[in-house]
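Results of the structural survey
Now for the letters of each chain:
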Amino acid sequence: MISHHDCEKHMMLDHHPESPARLQSIANALRAQDWAAELQQLSASEIDAELFAGVHPRHYLDMLAELDPGEGFARIDADTSLNQYSLRAARLAAGAAIQATEAVLGGVADTAFCAVRPPGHHAESAIGMGFCIFNNVALAAERALSLGAERVAILDFDVHHGNGTVEIFLERPEVMVCSSFQYPFYPGRMDQVNAAHIVLTPLAAGSSGDQFRQAVERDWLPALLRHQPDLILVSAGFDAHRQDPLGGLLLEDADFAWVSQLIVDAARRLCQGRIVSTLEGGYHLDALARCVSIHLRELLAQ
Ligand SMILES: [Zn+2]
């Protein structure tokens, strides 16, 4: 598990739900688990600037550097803003995903989880949005390819569609993106694309855990078998939980155990169990902490 305390210094305007308390709640929950002693906990390093290549263009990085507010806040979009610590937190979150990928592909770890913020899956190549600045999972995928992986799969079970990840890899069939999401819902982008390596699983508001499970089995498993990835990356969002204040799906704790187990089974079958998972959404602090614990336990049991 890779994290960094400075990810807790990033704060946004207006009592924002994507708050430092999310990581604190996860850390507290893990302290109460006896199996957490088996976790190797590492501190993230900032991403090396050259590893943005292929995901975020120079002009986007320059635009963010110009926005960097010093004091106060600078808005990126209606619900995403920067304080003086945000860009460091974003570089650490991206760096954690890179570090996790290097560890898993290098055989240092079988699986890795990045407990970081800001999240990443809404960030398109040149557009920060939806609480996201850099697309952490996309940077991890790009790093995996540069380290010799021929094909990777990104599995995104956040309640919101991973529009940024789809936009970044739309013309890159070596990166399969499977995304389940409430539909219609935020962000309303990149959810109508037609490409064999982009697997969209829209779910109506009010969908149950059983409906989620059926749809994921139907859509993701055959796609994974077809793609034969060398590494599975996970955009692990926990806002499809029925207690989540932002999402409108009705998943329970057991559904997050189920999808985590499905990912572990697929990774065992296809890529020697190699999984890199990174935190996306999840805004009910208790449900988030419980479900991250469940997810980590499944990755550890791997
Ligand atoms: Zn979300």
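Before reading further, recall that the structure is shown in the block above.
So, a few notes on the structure that sits alongside this text. (Residues numbered from 1 in each chain as written. Predicted model: local features only at pLDDT ≥ 70, side-chain atom pairs only at ≥ 80, totals over all residues. Heavy atoms only, no water.)

1. As for the overall build of the chain
Here is the rule: Starting at the N terminus, helices and strands are each numbered in turn, a helix being any DSSP run of H or I of at least four residues and a strand any DSSP run of E of at least two. Relative accessibility thresholds used throughout: buried, under 20% of the residue-type maximum; exposed, over 50%; partly exposed, between the two (1.4 Å probe, protein chains only). Per-residue accessibility takes into account occlusion by the displayed protein chains alone, with areas from the Shrake-Rupley method and a 1.4 Å probe. Positive: Lys, Arg. Negative: Asp, Glu. His and the chain ends are not part of the count. Charge placement uses NZ in Lys and CZ in Arg. For Asp and Glu, CG and CD serve respectively.
Counting its secondary structure elements, the chain contains eight helices and ten strands. A total of 302 residues make up the chain; the buried ones form 58% of that total. For the chain, the accessible surface area stands at approximately 11700 Å², while carbon and sulfur atoms represent 49% of it. Distance between charge centroids for the chain: 3 Å, based on 21 positive and 39 negative side chains.

2. Describing the coordination of the zinc ion
Applied cut-off: Counted as donors are the N, O and S atoms within 2.8 Å of the metal, or 3.2 Å for Na, K and Ca, while water is not among the atoms, so some sites may look incomplete. Angle rules define the geometry names used: all angles between 85 and 135 degrees makes four donors tetrahedral, while opposite donors over 155 degrees apart and all other angles between 65 and 115 make four donors square planar and six octahedral, leaving every other case irregular.
Only Asp-158 (OD), Asp-158 (OD), His-160 (ND1) and Asp-239 (OD) from the protein coordinate the zinc ion, and they sit 2.0 to 2.8 Å from it. Metal-centred angles of 51 to 151° between the four donor atoms at the zinc ion mark the site as irregular. Take Asp-239: its relative accessible area is 0%, and that puts it in the buried class.

3. A short note on the packing of helix α6 (residues 209–227) against helix α7 (residues 253–270)
Put simply, the test is: For helices, the fitted axis covers only the stretch in contact; all axes are lines through C-alpha atoms, and the angles between them, taken along N-to-C directions, range from 0 to 180 degrees. Comment on the angle field: the value is read as roughly parallel under 35 degrees, roughly antiparallel over 145, roughly perpendicular from 65 to 115, and oblique elsewhere. For a crossing to be left-handed, the near helix must be turned anticlockwise from the far one by less than a right angle; the clockwise case is right-handed. We call two residues contacting when some pair of their heavy atoms lies within 4.5 Å.
Packing of α6 against α7 leaves a shortest axis separation of 11 Å and a crossing angle of 10°. It follows that α6 is roughly parallel to α7 by the angle criterion. Of the two possible hands of crossing, α6 and α7 adopt the one that is right-handed. Contact residues: Gly-209, Phe-212, Arg-213, Val-216, Glu-217, Trp-220, Leu-221, Leu-224 and Leu-225 in α6; Ala-254, Asp-255, Trp-258, Val-259, Leu-262, Ala-266, Arg-269 and Leu-270 in α7.

4. Examining the side chain of Ser-180
Within the secondary structure, Ser-180 is located in strand β7 (residues 175–182). Residue Ser-180 is classed as buried on the basis of its relative accessible area of 2%. What Ser-180 contacts, discounting residues up to four positions off in sequence, is Asp-156, Phe-157, Asp-158, His-160, Thr-201, Leu-203, Phe-212, Val-216 and Trp-220.

5. Concerning the state of the cysteines
Using the following cut-off: Any cysteine sulfur atom paired with another within 2.5 Å is treated as part of a disulfide.
In the structure shown here, the tally under the stated rule is zero disulfides. The thiol sulfur of Cys-178 is not disulfide-bonded, and the nearest other cysteine sulfur, from Cys-271, lies at 13 Å. Summary of cysteine pairing: Cys-291 is not part of a disulfide, and the nearest cysteine sulfur, belonging to Cys-114, is at 18 Å. Take Cys-291: its relative accessible area is 1%, and that puts it in the buried class.

6. Considerations on the environment of Pro-20
You can see Pro-20 is positioned in the loop between β1 (2–3) and α1 (21–31). On the basis of relative accessible area, Pro-20 is assigned to the buried category, the value being 12%. Linking Pro-20 and Pro-184, residues 164 residues apart in sequence, is a C-alpha distance of 28 Å. Ignoring sequence-local partners within four residues, the contact set of Pro-20 consists of Glu-8, His-10, Met-11 and Arg-117.

7. Some thoughts on the nonpolar core
Counted only if it meets this: By convention a nonpolar core is built from buried Ala, Val, Leu, Ile, Met, Phe, Trp, Tyr and Cys residues, the set being connected through side-chain atoms within 4.5 Å.
Residues Phe-134 and Phe-157 are the most contacted members of the largest nonpolar core, which totals 93 residues. The contacts of Phe-134, once residues within four sequence positions are left out, are Phe-52, His-56, Tyr-60, Leu-61, Leu-64, Ala-90, Arg-91, Ala-94, Pro-119, Gly-120, Ala-123 and Leu-139.

8. So, the pattern of salt bridges
Quick note on the threshold: Each reported salt bridge corresponds to a side-chain nitrogen of Lys or Arg within 4 Å of a carboxyl oxygen of Asp or Glu.
In total, this model carries 18 salt bridges according to the counting rule given. Residues Glu-46 and Arg-88 are paired through a salt bridge, measuring 2.5 Å at the closest nitrogen-oxygen approach. Taken together, the positions of Glu-46 in the loop between β2 (42–43) and α2 (58–67) and Arg-88 in helix α3 (residues 86–105) put the pair 42 residues apart, joining distant regions of the chain. Given the relative accessible area of 29%, Glu-46 is considered partly exposed. Among the residues examined, Arg-88 registers a relative accessible area of 30% and is labelled partly exposed. Asp-219 is paired through a salt bridge with Arg-218; the nearest N and O atoms lie 2.7 Å apart. Classification of Asp-219 as buried rests on a relative accessible area of 17%.

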